[in-house]
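# Observations on the three-dimensional arrangement
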Amino acid sequence: MSISIIPPEVVSRLKDATVLILWGPGSSPEDVQKFSQELSSQQCNRVVVEHFERLVVSGHPKSTFSVVLSNLFEPHTTSHSFDLLSEVIRIMKPSGIVCGKELSDLKISANLKLAGFCNITVDSSNSIFCAQTPNFEVGSSSKLSFAKPSVWTLSDALVDDQVELINEDDLLDESDLIKPDAESLRVCGTTGKRKACKDCSCGLAEELGAGQAVKTTTTSATSSCGSCYLGDAFRCASCPYLGMPAFKPGEKIQLSERQLNPDL
Amino acid sequence: MMIFERNLLVLYGSQTGTAQDLAERIGREALRFRFNVKVLEMDDFEVQLLPDQYIVIFVCSTTGQGEEPDNMKKFWRFLLRRDLPQNSLLAMNFGVLGLGDSSYQKFNFAAKKLHKRLLQLGAKPILDPALGDDQHDMGLDAAINPWLENLWPMILQMFPLPEGIQPLSPDFLPPAKYSVTKIDSVTSTAHQSPTSHPPYYSAKNPYNVEVSQNVRVTSAEHFQDVRLITFDLNDSGITYSPGDVVLVQPTNSDDKVDMLFQVFPQLAKHQRLSLSSNKVETKLPPDWILPAAGFTTEECARRYWDFLSIPRKSFFELLARFSSDEMEREKLLEFVSAEGQQELFNYCNRPRRTMLEVLHDFYKSAAQVPVEYLFDLIPAIKPRAFSIASSAKTNPKQLQILVAVVQYKTKLSEPRRGLCSTWLSKLVPGVRIPLWVRSGTLRFPTDPATPVIMIGPGTGCSPFRSYINDQRCCETTGSERDLYLYFGCRNRTHDFFFSDEWLSLEQQGRLHLSCAFSRDQPDKIYVQHRMDEQRLLLRRLLIHQRAWVFVAGNAKQMPDQVTQALRMALMIDDDDGASNNDAWTLDKANHYITEMIKQSRLQLETWS
């Protein structure tokens, strides 16, 4: 592999950068060695080479690398999982860039987005992706600076039986004893709208549209809309088969007295 | 890490796993907003790190009689320390999601107390606590979903995303909770029986108890099947006291398991699987249910997946993500939408439609769910608690429970059945099931002069049968505690539990028994009516003898009506010869009852 396969926008970042080269199973160490020497012509600040399987174990400090080159050596076997990308972004600086090759049918841009990268580009002709890390660092200045009270740092704090506790019942007052009003717990089932099915041919859709009261049909045991064989989720409000599991279209189903006369 | 230092912590206290499921769901939602999320049970979190946290969402169930779940007891105890300075948590922005049941008196007390204590320690609330209520027609979701919808915009305001970064869209697919590996090795699937017998059995390490008897105690004509089940404790060393509860873990029946495999053609019944957790803090299922060494898919369907539960909105959301069938997907998304909540209620909650039935309706989508996501889609079977009905003194090395088999009709053609009660009713003597005992919340008085009044209709009488037998196990010595039992059921001849024991004690003058048989006459007579007939007695017991009152059972109105009966008894005109004896006002009676509750002289253990 040579520098030429790296997109120009990445190459332009190499000068004075702290670079991480990630390589994986199947690739030859000599190739990796050769490449990192080639990289020295780009005047990087520092180049670190790491095998994927050692990445997490190595525990690089956060915000270290401004450029990461990943899985660019044949046979490009590594797949960029969410977990892998999470670790990569952790050890990358703000406004950093990662460039890698993803040969599997993994949705690489989804994983990159999920891990927190932005400005994601994927070149489908050569399966090379690039993505950037956001250009800020949150948190370092917003921590309140007060000394943590020492009681919070006692190592045996949890098992101390002698310590005095406040009376937890004192935490509550009269208003906490109030329970929800029974009516507020009900969902109105009777005024819930009655639904006509998608290609309603029995007239229910029209009647609902006209805002008229609907007479419940009781005797017909045939499907008006053709959806009866589906489960309850797709049946219309007047379907005589409501309450029964789905069945195969054309199958004869015996309806009970109760189902034929739902109003009784 | 998502974006530098953008951390969010979700801490949960969960007794049966519901709060844990919700905490994990919140963790997934937080990923959308580019947070680096950790989801942990409270006792697993190093509490010393709490002052460093900027955003913490607490998911807190209330269990028993207003208590916090076991897996947050240590954490809570630490927070209650008097020596914690009031500015300890100034850096924290928090929200508390409570899960509770308003049929209990101490509704969501654990969450309410947590919220208040955090305020005392200087933390800033993002929102008022959500008070999820199982009694709501839409269940816990009715409070939880709107609260979460309000939460994220507020959090984003406080911790905005940087320029150019958007939250991920709602239909992004979060990583599955577990990775599932297919394994070929032949490892024993037998439950690991401990080689030594540890003295302490728990949810992590249950005792495999033998069923010695399973007897129907309601008459054959009675509509309900109620079982008295006896377990042999043998040399387990398990002991219990009146008021304690026993927990059992039900399994799904063979025919239901077969139906599940019909909707998931992507599963192979006998394929061996092994789970690993995708995040270091996510716990694996208990080893005794799904061994880490491996289990078959069939075992998973039978022992772990609760596919007869009623699906929540998050189920429809996740199923929609995998669906490529236009009609099904459209309907699933409708159920997820704000406008579709009424439809969802009518389709799912009101008729109590099971997940299995829903999957059959949406069979095309079901077939598309990848195996590892089934562990996010289907919740785990939860253990159920039953009051122990026996006394260790009269039934040594035995444990009994009284179980009403739950069965009822909704508009669905197939009747609804309780998973656990149905499973228990079918247990054959000789079979072994895992169980463990937990301390009950009822506290009985230590002073033998204190009379005890027990009101326990139906299966609510269980802890009282335990207590009565415990108190009366030996021959009478002449002076013993006065016991009053108010028992209610439908018919003297159909469901009068333990009648021979109690009538015998009554004859010996060792138990004051008042029964209300609601359907033996045209007028319905309930326990509170019997109490109304005995107002003077009750008043004297309460005021002069400082009696303790216990109410247990399964009825929504019953606790309120019993409390009203106590109120009326306190207010009765009692001319006992004393000169300053005006009848009490309602205010005075209410105040007395409040004091009784504070002093544990009035205790309720009711469920629905």
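Residues numbered from 1 in each chain as written. Chains lettered and ligands numbered in written order. Predicted model: local features only at pLDDT ≥ 70, side-chain atom pairs only at ≥ 80, totals over all residues. Heavy atoms only, no water.

To continue, consider the overall build of chain B. In terms of helices and strands, chain B carries 19 helices and 22 strands. Considering only C-alpha atoms, chain B reaches an extent of 85 × 55 × 50 Å along its principal axes. For chain B, with 608 residues in total, the buried portion stands at 57%. Here chain B has roughly 25500 Å² of accessible surface; of this, 50% comes from carbon and sulfur atoms. One way to put it: in chain B the 68 positive side-chain charges average out to a point 1 Å from where the 72 negative ones average out. (Helix = DSSP H or I, 4+ residues; strand = E, 2+ residues; numbered from the N terminus. Buried < 20%, exposed > 50% of the residue type's maximum accessible area, 1.4 Å probe, protein only. Areas by Shrake-Rupley, 256 points an atom, 1.4 Å probe, with all protein chains shown as cover. Lys, Arg positive; Asp, Glu negative; His and termini not counted. Charge placed at Lys NZ, Arg CZ, Asp CG, Glu CD.)

Next up on the list: the domain arrangement of chain B. Quoted interface sizes are often the accessible area lost when the parts come together. Residue and element names in this part refer to chain B. Annotation of chain B at the domain level lists domain 1 (7–158), domain 2 (178–182 + 254–377), domain 3 (207–250 + 383–438) and domain 4 (452–607). Of note, the centres of domain 3 and domain 4, computed from C-alpha atoms alone, are 26 Å apart. Facing 21 residues of domain 3, the contacting portion of domain 4 comprises 18 residues. When domain 3 packs against domain 4, close to 1700 Å² is buried across both sides, 59% of that on carbon and sulfur atoms. Run the count over domain 3 and domain 4 and you get one salt bridge. (Domains from an automatic or database assignment. Contact = heavy atoms within 4.5 Å. Buried area = accessible area lost by both parts, 1.4 Å probe. Salt bridge = Lys/Arg side-chain N within 4 Å of Asp/Glu carboxyl O.)

Residue P75(A) follows E74(A) across a cis peptide bond; omega there is -5°. In this structure, P75(A) sits in the loop between strand 3 (65–70) and helix 4 (82–90). Here H76(A), not a glycine, exhibits a phi torsion of approximately 50°, which is positive. For H76(A), the location among the structural elements is in the loop between strand 3 and helix 4. In this structure, R546(B) is a non-glycine residue whose phi angle is positive, near 50°. In this fold, R546(B) is placed in the loop between helix 17 (535–543) and strand 21 (548–554). On the accessibility criterion, R546(B) (41% relative accessible area) is partly exposed.

Let's shift gears to the UniProt feature "binding site: FAD" (unreviewed entry) in chain B. All names here are of chain B. Sites flagged by UniProt as "binding site: FAD" (unreviewed entry) map to R352, R384, A385, F386, S387, G418, L419, C420, S421 and W607. A stretch of 256 residues holds the annotated residues, and the largest C-alpha distance among them is 25.7 Å, long enough that they do not meet in one place. Within the element layout of this structure, A385 appears in strand 13 (residues 384–387). A385 has contacts with V245, V246, L247 and R438, leaving out every residue within four places of it along the chain. Inspection of the secondary structure assignment puts S387 in strand 13. (UniProt positions renumbered as here; feature names shortened; annotations may be inferred.)

Next up on the list: the pattern of salt bridges. All names here are of chain B. Following the criterion strictly, the structure yields 34 salt bridges over all chains and no others. In this structure, D235 and K397 form a salt bridge, with 3.3 Å as the shortest nitrogen-oxygen distance. Here D235 is found in the loop between strand 9 (226–232) and strand 10 (245–248), whereas its partner K397 is found in the loop between strand 13 and strand 14 (398–404), with 162 residues between them in sequence. In this structure D235 comes out as exposed when scored by relative accessible area, which is 64%. Using a relative accessible area of 49% as the deciding quantity, one classes K397 as partly exposed. With a closest N to O distance of 2.8 Å, R416 and E357 form a salt bridge. On the criterion of sequence distance, the pair formed by R416 in strand 16 (residues 416–417) and E357 in helix 10 (residues 355–361) is long-range, its members being 59 residues apart. Classification of R416 by relative accessible area gives buried; the value is 5%. Look at the salt bridges and you will find they share partners, linking E67, E68, D70 and K73 into a network.

Once that is clear, we can look at the domain arrangement of chain A. The domains assigned to chain A are domain 1 (3–133) and domain 2 (220–251). Relative to domain 2 of chain A, the C-alpha centre of domain 1 of chain A lies at a distance of 56 Å.

Right, let's talk about the sheet that holds strand 10 of chain B for a bit. Residue and element names in this part refer to chain B. Overall, antiparallel pairing links the six strands, which are arranged 13-10-17-8-9-14 in an open sheet. Single-partner strands in this sheet number two, and they are strand 13 and strand 14. Neighbour-to-neighbour, the strand axes of the sheet open up by a mean angle of 40°, direction not taken into account. The sheet contact formed by strand 10 and strand 17 (residues 432–438) spans four bridges and is antiparallel. Bridging from a neighbouring strand, V248 pairs with L435 of strand 17. (Pairing = 2+ DSSP bridges. Axes fitted to C-alpha atoms, helices over the stretch in contact; angles between N-to-C directions.)

Residue and element names in this part refer to chain A. Taking the UniProt record as the reference, the feature "binding site: [4Fe-4S] cluster" (unreviewed entry) is found at C225, C228, C236 and C239. Within the element layout of this structure, C239 appears in the loop between helix 6 (204–210) and helix 7 (257–260). Given a relative accessible area of 7%, C239 falls into the buried group.

Here we come to the confidence of the model for chain B. Residue and element names in this part refer to chain B. Looking at chain B as a whole, the pLDDT averages 90, with 95% of positions reaching at least 70. Confidence scores differ between elements of chain B, with strand 22 (residues 602–607) showing the lowest mean pLDDT of 83 and strand 18 (residues 452–455) the highest of 98. As a predicted assembly, this complex carries a pTM of 0.74 together with an ipTM value of 0.71. (pLDDT = per-residue confidence, 0-100.)

The next point concerns the side chain of R481(B). Residue and element names in this part refer to chain B. By secondary structure assignment, the location of R481 is in the loop between helix 14 (462–471) and strand 19 (483–489). There is no salt bridge for the buried R481, and the closest opposite charge comes from D447, which lies 6.3 Å off by N-O distance. A distance of 3.1 Å separates a polar atom in the side chain of R481 from a polar atom in the side chain of Y467. (Polar contact = N/O pair within 3.5 Å; in protein donor to acceptor, adjacent residues only side chain to side chain.)

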